[in-house]
Each structure stands twice: as C-alpha cells, then as structure tokens.
Amino acid sequence: MTDSKYFTTTKKGEIFELKAELNSDKKEKKKEAVKKVIASMTVGKDVSALFPDVVNCMQTDNLELKKLVYLYLMNYAKSQPDMAIMAVNTFVKDCEDPNPLIRALAVRTMGCIRVDKITEYLCEPLRKCLKDEDPYVRKTAAVCVAKLHDINAQLVEDQGFLDTLKDLISDSNPMVVANAVAALSEIAESHPSSNLLDLNPQSINKLLTALNECTEWGQIFILDCLANYMPKDDREAQSICERVTPRLSHANSAVVLSAVKVLMKFMEMLSKDLDYYGTLLKKLAPPLVTLLSAEPELQYVALRNINLIVQKRPEILKHEMKVFFVKYNDPIYVKLEKLDIMIRLASQANIAQVLAELKEYATEVDVDFVRKAVRAIGRCAIKVEQSAERCVSTLLDLIQTKVNYVVQEAIVVIKDIFRKYPNKYESVIATLCENLDSLDEPEARAAMIWIVGEYAERIDNADELLESFLEGFHDESTQVQLQLLTAIVKLFLKKPTETQELVQQVLSLATQDSDNPDLRDRGYIYWRLLSTDPVAAKEVVLAEKPLISEETDLIEPTLLDELICYIGTLASVYHKPPSAFVEGGRGVVHKSLPPRTASSESAESPETAPTGAPPGEQPDVIPAQGDLLGDLLNLDLGPPVSGPPLATSSVQMGAVDLLGGGLDSLIGGTNFVAPPTAAVPANLGAPIGSGLSDLFDLTSGVGTLSGSYVAPKAVWLPAMKAKGLEISGTFTRQVGSISMDLQLTNKALQVMTDFAIQFNRNSFGLAPAAPLQVHAPLSPNQTVEISLPLSTVGSVMKMEPLNNLQVAVKNNIDVFYFSTLYPLHILFVEDGKMDRQMFLATWKDIPNENEAQFQIRDCPLNAEAASSKLQSSNIFTVAKRNVEGQDMLYQSLKLTNGIWVLAELRIQPGNPSCTDLELSLKCRAPEVSQHVYQAYETILKN
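Being a predicted model, the structure only gives us computed values, none of them experimental. (Residues numbered from 1 in each chain as written. Predicted model: local features only at pLDDT ≥ 70, side-chain atom pairs only at ≥ 80, totals over all residues. Heavy atoms only, no water.)

(A) How the structure looks around the state of the cysteines. Counting across every chain of the model gives 0 disulfides. Between C380, a free cysteine, and C391, which holds the nearest cysteine sulfur, the sulfur-to-sulfur gap is 5.6 Å. Taking the relative accessible area as the measure of exposure, C380 reaches 0% and is therefore buried. (Disulfide = S-S within 2.5 Å. Buried < 20%, exposed > 50% of the residue type's maximum accessible area, 1.4 Å probe, protein only.)

Listed below in structure tokens is the structure:
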C-alpha cells in the first residue's frame, strides 16, 4: 500500500495515540508512527508536542527512520531550541557512524538546524566530517560550512573552517572541489570585501581538471568561479578558453550558458588578429542555436541572453538569421524576443529576407505581435539606410490595409524615418493625412501632430488639421497636449498671419485652463518667447533637429559589460544589474569585463576621451544635487502672513516659478522676510569669482585695527546674470556681531522693489538676523549700501568647501541665486583666549595626526606686531617664548560653533632675509585648519 494512507486520517485524540506508538518496542510500529507524524506536519498540523518522543527514535540503525526523524527535527528545532539540544549527542555519534550515508545525513541536518544555541556544539563533528575519508561526506560538509556561516559568520571564521574549505579546492574528488567552490562563492557573495576565492594559475588548473569529471551542477559552480578570475595575460586567457570550450556541447543549458559567459569574458583579452579568436567565434554560434530547440521557457531565457551577446558581439550570430524567424506556434514572449534579435542582426546582406518576413508578420492575428512587427520595419529603415525606401513602401502598403492598429503603428515609425532622413520621403504625408480621423491612440496622435507641425509649410490645410485636434484639447493625454502646443507654435512661426488666433487659443488653454505643470510651463516659455523676441523663438522652436541614432534601445555599454558577466543568471533575463532587484543585506558586487589588450583595441572603435580630464579652474562651490533636493522643497519664498493672500496659481511649497507667471503673487507681497532656516537651491550659473583671492583681495584691503580685518567688496552677482541687478559685498565682524555689507546697483531700465534675502543651510549656520531693508525703490543706475546683520543659529549642513555660502535674493523681477566664500575669521569669537594650563592640556590631548603645518611667506612682522594684528581679529596670544633665537607665539581662537583651534606661530626676529612664518595648527575638527591658515595669512598681510 502507498504512503498516501497517512494523509487521510482525521481522528481526534491522535497526538495521544501517536505518543504511545512512538514509545512502542516494535521497530515497525515506531516507523509507522513517525511517518504519521511527518504526514501531519506536512499538512500543517502542529505536532511539536511529540518532540521528545520523536527525538528518542533517533537511536536506530534504520536509515529510513533516521531520515524521517531528521526531517522532523529540521522543522521544529527553531520553535523548540531547548529540546533540540537533546539531539546534539546523537549528531556527534552519527558523525562517527561507520556508514558514510549516515555521517553525511547527520552533517546535512546539522546545517539545516538554524538554532544559535546548538551551532557551537556542531563545530567538532563538522571538523571531523570535513576531513572524512569518504568524499560524499566531505562534499556534504563543505556545503554545511556555508550554511553555518549564514547563521554565525564569526564562529566559522574563529574555528578555521574557511581555511579548511580553501584546502578542499585541491581535493582529489571533483565533486568535493565543486561543493567547496560553491560554498566559498556563497560566503564571498555576502562578504564582497573578503578575498576568499584567492584564485591563482595553480588553483585555476585544479578547477579546470575537476571540471571534466564533476556533475553538471558542479560544473556550473566551477565555471561561475572561473568567470570571476582575471587572467594575467592573453595567453592564459586563451588556455582557459581552450579547456572550457568542450562544455559548450553539454546537454544542460545552464552549463552551456556558464561556459559562454566565461568565453565572452576572456575573449575581451584576446587579440582579434589571432586565428584562435575567429575559431572561438565560430564555436560559439552552434550551442546558442541549439538552445533554441528547447521548450519555450528555456528558449526565452536563451533569447534574453543571446540579445546581450548580439549587442556585444553581433559577428557571432550574423549568419544565423533564419533560426530567429518566428514559428506560428511560438508563445508571444518568444516571438517578441526573436523579433528584437532579428532587428539587431539586420544588415545590408540579409535585409530583403528580413523585410519579407516582417511584412508577413504584420498580417498575423496577434495584435501585440503585429504592432511590434510594424515597429520593426521602421527600425530596419533607420538601421540599414539602403533599405529605407523599401521599408517606407512596405509601410504604405500596410497603411492601405486600413487596419486601425497597423495604421497607427506605421504613423509612429514613419515619424522616426522623417527624423532620420529629412526631405526624402515627405511625399507620403498626403497619404498619412487621409488617416487622421482613425487615430485614437495617444502615441499615434502625437506622432501625426508632430508631422503636421514639422511640415506645416507643405500641408495646405495644416491649420484646419491642428484645429480639429484642439477642439477636444482637455480630453487628450499629456503627450498629445504637449505635442499639439509645440506644433501650433511651429505653425504660427511659419504662417504668422493666418494662425494668430489659433496660437492664442492654445496658449491660453495650456497656461490658464490646464493644471498640468509641464504643459503650463511650456506654454509660458512659448508665450514669453513669442512676445519678447520672435526671432529667438524661431531659432529655438524651429532649430535643426539632431538625426536620431540607429538603435535607440541598445543597452548602455558599461551596463552591457556588467550584464555579460552575469550571463545565465536572473540579471541576464531582466537585463538589469543584480543591485537593481536583489534586496537585503547581501553585498552585490559590480562586475566588469577585463580590459582589452593593446592589439585588440586598435580594431575597436577609436578611444574615447580620457576619463580623468583635469578639473576646471573654478572652485566647485556648489554641492551635489542630491544634497539640495530637500532644500528645494523647503524654499518658501511666500510673503509674510500680514501681506496680501497668495494667488491660487502660485505653489506655496516654493516650486519657484522661474517663468514669472507664478511669481506675480510673490512680487505683490511686501516686507518679504526670509526665515533663517529656509534653504536655497544651488546656483547653477552665478560666477564664483576666483575663489578666496577675490574675497581677500590683497591690494586694496581696508584694514581697521578697531575691529577684525575686512576684505574689500567683490562682485558676487554680475548684472548680466541677474536681469540688471548687480550685487557686491564683503563680510565684517565688529564687537561680537557679524554682518554682510552689500552694495546693490540697478543697471536695468526699470525700478526694483520688494527685496528679500535667504541663505541655504551652511557649515556654520549663518543666516540673516533681520530682513533685507531697502527703504526706497531702487531706480535705474542707482546704488544703495546695506549692512545685513547675520546670526549663527541657522540650519547646518556641511558644505564643500567648508566656507561656501549659497544665497537667494528676490526682488519684483525674479529670484536670483549666487554662491560666495566667507573668510573664516568673521566666526572667531571674543572669548577665545584659553588660560595657559588649559592650553597645555588641550594641546597634549589632541592627537598628533590632527596637527597641520603651514608656511606664511613674505611676511616681515615681529612678534608684537603680529600678535596685535591677530588679536584685533580675535586670535589671542596665550604665551610667548624665545627658543634658539626664534619667537614662538602660542595662540588660541574659538569658532562660533564652539570649536577651539590652537596655534603655534614661529617668527625669526631681526633676520630680514627670512620673512617666512611657520604656523602649526591643532584642532579636533582638522578640516577647519586650512581655512584658519588662510585667515592668518589674510590678517597678517593686510
């Protein structure tokens, strides 16, 4: 009788009966009882109450009974960890059983019991099994190490199991080698930084020897491991390829794909001039073709991989076009994939064959497939120029069939053909216009509108055609609305007299009646362009369009190289790197192909520009965009509550409408006050001056001994960048208060009012302490000087460089952004003098690696003059001594955020030939040292 009887009972009180049977003296009865327990467990009943009774049955020589008990144990050990410890003794005994099957069973079960308490008891038995004389036990133990590492990585490392695994790679049995490789690869994946699989030519040789003799899954593990190896030169790469090539004829498709992956990777290192390279290309085609005779699911995986291979090396399959022709009974997913590869392989030699085939497909019944086939004809036209005429006439034949979805797809691809071959096939426009009424899909309607707008001068009734689309403007999709707006503006620029009403109608629909921000903004741009400078509008809207490229859907080269390294895995089916879909803490390593050899490079396309181009001269004072996304959202440039209410069209969240349409309400507000914590988007165009030298212009310093040194004003925002508003400024610190001294000049032709200012978050929390007060309107050619008090209690964000400040200034015209660098000495506070004992203790306490050494050149000052100059900028001398004719000044200063900086300044008095000063700085935040040194230099030289 079969075992199905165990699943049919539904008696009550079963647990109690089973308990009795499990404790029976008869072996057969015991076995029956355990089978019943396993059956109940399988259908989801809770039989954990029987744990001690089942564990007692472990003491048996019967292999079948032992397997059943171990199965129960794996299932319930997690929920009964205290009871599971009872089984440990049996494991230890079973690992020394004379029967290797029982030893292997024990070690396999040990790996599956994921209970922390037990793992340390299992180390001894596992160590014995890793060195067992039977290879079956060793290969099982190898996998157990990987499982144990997953539960407790530290334990595995401490017990030295990883070294034992590495030794197993040299094992005499190929299956043990394969499992050791599999286990090490698994562990290495979760620890990308560890170099566990330390491959060298000797170990590679052992793996290649084992490759011929182990099972198919063992071969896959070894091939995957080989793919991660980097041969030292092309000779080694060729030798590995020669030994891997026989795997291409394996019956298992996974082995074939793994071998293809290794060969594709190492081919990078072979010169194209080698005879062997050509031979290898020929050998790669037959196994890939053979994969296409498997069942559809396997075909699909093979096709997805072939798609990558064809993009990387089309020459492999260039003569195999026919195998990608679609069969009538192929499932749709296989058909679409084959179609894609056909296009990739299309060339002048086979285009006639391909077109005939595609035309055939376009009359099939499967709608999705027909659409793809029509698109494919268009892609062929763009890819193979000689076939373009043929393709266009094929498409026109298809349009004549009047099948709705065929016509729509044809119009979409003809639009691309017009882009690729301008002024060649425009004679077909009349035929297209006849089918205008039948278009109901957004993409087809948008394509048709583009054609009408682009060739408006050739279509007599273009305005009527576009007007017909305009009637249902609000019901159209965004894609069609945007295209219609552009097409009507093009039409207006080509035929201004007849279409003035039409363009006004579409602009008001787009800007006033639409709630789509993309559409509204594009409408405003066109409106402004047309009203201010029609010539510029013509240049922008009717500009020469770049020709579209041959293949728009090619995978980006670096991603393609990475995906080639993942052939035969899920990444190659998704066409995405593992990091895009693998979740969890496992580190995903980015793989890449080995660099090409010099001889093969010449055969490739010309070298691209070197990546390490020297950086530009300007200091980069704008942080990465990522930092500013949050700030953009916080930018609240609304008027104060007491002012007039905001108009509904402006977005209060601070989506600053740079076109002005949405700014009208902001401009209406008076007394704009920027909260100190508000943030400002990066200035992507304001000049930065030449960095620090602008701020610390050393020629015309206005040195004042009463307060700290003040740099001369520098232009921060030139008039041409800010619609006529020029802003110059500098920073000062006097009697404990910091201010930004601004000079605003109106170089425009209109009056400027409603000024307001705001800072982005910055390293020291600088923020305006009061609104920007410009009391009278600023007339043309008028200049006004303002001192804006600053506080240091704003939001903090570390900037690059540290003293970078990003500012937004608003007036009735627009919002303008600029960046500037402030000198650090404006942040030196008045209570920055340390007492001597404290200075000594702090100097010793700060680690030596935080000490920075600088030289201040050409500074002929004695100790008193230097000390007094520095003291006026809040750098205080704590002590002074003379060592071997050198004056040493020990100084301290404190920044507004509480950071102390300690300094040692060495001066050589009375030696006119040596005017260089030596400065040592110590600070717990060493990144400020460079800026403190610049402050020293600025103060001492001015």
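Following the structure, the description resumes.
(B) Examining the pattern of salt bridges more closely. For the structure shown, the criterion picks out 35 salt bridges. Here R371 and E409 are joined by a salt bridge, their closest N and O atoms 3.0 Å apart. Linking R371 in helix 22 (residues 367-383) with E409 in helix 24 (residues 404-420), this pair joins segments that are 38 residues apart in sequence. Because the salt bridges share partners, they merge into one network encompassing R371, R375, E409, E441 and E443. (Salt bridge = Lys/Arg side-chain N within 4 Å of Asp/Glu carboxyl O. Helix = DSSP H or I, 4+ residues; strand = E, 2+ residues; numbered from the N terminus.)

(C) Fine view of the sheet that holds strand 7 (residues 804-810). Strands sit in the order 4-7-8 across an open sheet of 3 strands; the sheet is antiparallel. The open sheet terminates on both sides in strands that have one partner only, identified here as strand 4 (756-759) and strand 8 (815-821). Going across the sheet, the axis of each strand differs from the next one's by a mean of 25°, ignoring polarity. Bridge count for strand 7 against strand 8 is 7 bridges, and the pairing is antiparallel. Across the sheet, residue Q806 finds its bridge partner in strand 8, namely S819. (Pairing = 2+ DSSP bridges. Axes fitted to C-alpha atoms, helices over the stretch in contact; angles between N-to-C directions.)

(D) Structural detail: the pairing of strand 10 (residues 876-883). As paired strands, strand 10 and strand 11 (residues 886-894) are joined by 7 bridges and run antiparallel to one another. Its bridge partner being in strand 11, K880 is matched across the sheet by L889. In this antiparallel pair of consecutive strands, strand 10 and strand 11, the connection spans 2 residues, and E884 shows a positive phi of 50°.

(E) Expanded view of the sheet that holds strand 10. An order of 9-13-12-11-10 is seen for the 5 strands of this open sheet, with the pairing classed as antiparallel. In this open sheet, the two edge strands, each paired with only one partner strand, are strand 9 (851-856) and strand 10. Mean inter-strand twist for the sheet, computed between neighbouring axes without regard to direction, equals 20°. In the sheet, strand 12 (residues 900-907) pairs with strand 13 (residues 917-923) via 6 bridges, with the strands oriented antiparallel. For L905, the partnering residue across the bridge sits in strand 13 and is L919. Running at roughly 95° to strand 12, helix 38 (residues 836-845) makes contact with strand 9, strand 10, strand 11, strand 12 and strand 13 of the sheet. Sitting on the sheet, helix 40 (residues 929-940) touches strand 9, strand 11, strand 12 and strand 13, and the angle it makes with strand 9 is about 25°. (Contact = heavy atoms within 4.5 Å.)

(F) Quick peek at helix 14 (residues 201-211). Along helix 14, the positions that sit buried rather than exposed are S203, I204, L207, L208, A210 and L211. Along the long axis of helix 14, the arc covered by the buried residues comes to 160°, so they all point the same way. Those residues of helix 14 that are buried lie in contact with helix 13 (174-190), helix 15 (216-227) and helix 16 (234-244). (Arc of directions from axis to C-beta.)

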